[in-house]
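# Structural overview
This is what each chain is made of:
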Amino acid sequence: MLVFCGSGRMRGFLNRSVRMCFCIMMLLPAVVHAQPDAAGPDKTLLEIDLVLPAGPSNPLLAQKWRQEFESIGELVRIRQFIAEDKPSVTQSARGPFRVVKLVGMIDLEGQLNFPKRSFMTGQGAELGNWLKEIKTFGAQGSPSGKPLWGLTEAQYTEVRQELSSPTTTPVRGLTLQAAINALPLPESLPLSPHSSVREAWERALPSKLDDEVLGLSAGTSLAFLLSQQGLGFRPIRQPNGEIHLLVQSLREISDPWPVGWPEVEGKPRNELVPGLFGYVEIGVQEAPLVTVLDAIEERADVRILLDRVSCLAKGLDPTQLLVSYPKKKRTAWSLILSSIVTNSHMKMNYRQDEAGTGFIWIVPFAHYRAPKPSDK
């Protein structure tokens, strides 16, 4: 039995969403599948300048490097240093072609330096592989193994901003397909499943959702909804520069887009999720965890996301776990929530979405192991 005492009008997410609907309502049609673009090696032209060291230099350097490039099938222009020269890789369009201009600086030791890449004569294979990457992906190079999912800082910032629009349609009870269509995902970031998860994706789309993301941003909402199907997504830069959101299995992706972001250092938690720091009189006796979480979410006006999949994997069923809290005259919601979550072998994390909206992300303790029948 749950006992809630006290008065005061609390805003619900639905009321707040109605106000937001006047500003934002973007419903996507069916999920868009990514199609590879033809802007690859056959439509990329390389213009390569090799700049000799300033002042007197070894005349054999030019000959050695010309031969190195000829051996991998590339023509170069070798010239003297001028004041504004520096290593660079830039890109422009010329009709249907992508033109990549490379300026490499040869130093006095004979090393050829490009931005973040250096080569010596005799490294033709490495040089050739790098130029193949440039031809395929353009001036930015291959996204593999780079931070921020292979995006530049500017691209990452733009993607995060585009995923910051709040979800204005309730999704609980909808199918995953309908929920994704209701998220304010921008058309500039098409969503598509990787070939390795197409069957799992098709099975997941008709699944009915037990959770709500109303009020949270598109990026965090999508990451959470997919996570409850064992899936995740990450932005992928295509050879033509376009960015797609690629869906993969969480078992196969080491860097999925996260379910929210860490708290801003120095920002008080009562500013991040102010509703959790209001005082109430409450008592909870032997109630299912999910029921109590729903009640706190509504009355404290804070979104609470529960990682049900991870809980069930550890033998913790949130619908069967019974929680209690002694009735007190003056208790903060945050203390109540922390107590019942901890006693359920779980951890509550303060998070914020791409727009800075605070919420709670609950996951099971990493070290928790369900007791064996012999231990009971």
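Parameters at a glance
Residues numbered from 1 in each chain as written. Predicted model: local features only at pLDDT ≥ 70, side-chain atom pairs only at ≥ 80, totals over all residues. Heavy atoms only, no water. Core = buried A, V, L, I, M, F, W, Y, C linked by side-chain atoms within 4.5 Å. Buried < 20%, exposed > 50% of the residue type's maximum accessible area, 1.4 Å probe, protein only. Helix = DSSP H or I, 4+ residues; strand = E, 2+ residues; numbered from the N terminus. Contact = heavy atoms within 4.5 Å. Axes fitted to C-alpha atoms, helices over the stretch in contact; angles between N-to-C directions. Parallel < 35°, antiparallel > 145°, perpendicular 65-115°, else oblique. Left-handed = near helix turned anticlockwise from the far one by under 90°. Nonpolar A, V, L, I, M, F, W, Y, C, P; charged D, E, K, R; others polar. Salt bridge = Lys/Arg side-chain N within 4 Å of Asp/Glu carboxyl O.

## Here's the deal with the nonpolar core
- Among the nonpolar cores identified, the biggest contains 38 residues, and Leu222, Phe233 and Trp257 are the most heavily contacted of them.
- Looking at this core, the elements that each hand over two or more residues are helix H4 (153-162), helix H5 (176-182), helix H6 (198-204), helix H7 (218-227), strand E9 (231-237), strand E10 (243-249) and strand E16 (358-364).
- Once residues within four sequence positions are removed from consideration, leucine 222 is found in contact with Ile180, Leu183, Leu185, Leu191, Phe233 and Leu245.
- If you look at the next biggest cluster of nonpolar residues, it comprises 31 residues, including Val302, Tyr325, Met346 and Ile362.

## A closer look at the packing of helix H9 (residues 289-300) against helix H11 (residues 333-342)
- At a closest axis distance of 11 Å, the pairing of H9 and H11 adopts a crossing angle of 165 degrees. Regarding the angle of H9 to H11, the classification is roughly antiparallel. The interaxial crossing formed by H9 with H11 has left-handed handedness. On H11, the residues that touch Leu289, Val292, Leu293, Ile296, Arg299 and Ala300 of H9 are Trp333, Ile336, Leu337, Ile340 and Val341.
- Split into classes, the residues belonging to the contact of H9 with H11 amount to 10 nonpolar, no polar and one charged.

## Focus on the pattern of salt bridges
- As enumerated under the stated definition, the model contains 11 salt bridges in all.
- Between arginine 79 and aspartate 49 there is a salt bridge, and its shortest N-O distance comes to 3.1 Å. In this pair, arginine 79 is assigned in strand E3 (residues 77-79) and aspartate 49 in strand E2 (residues 44-51), connecting sequence segments 30 residues apart.
- Put simply, arginine 308 and aspartate 211 hold a salt bridge, and the shortest N to O gap is 2.8 Å. On the criterion of sequence distance, the pair formed by arginine 308 in helix H10 (residues 308-313) and aspartate 211 in the loop between H6 and H7 is long-range, its members being 97 residues apart.
- One continuous salt-bridge network, built from bridges that share partners, spans Asp49, Arg77, Arg79, Asp85 and Lys101.

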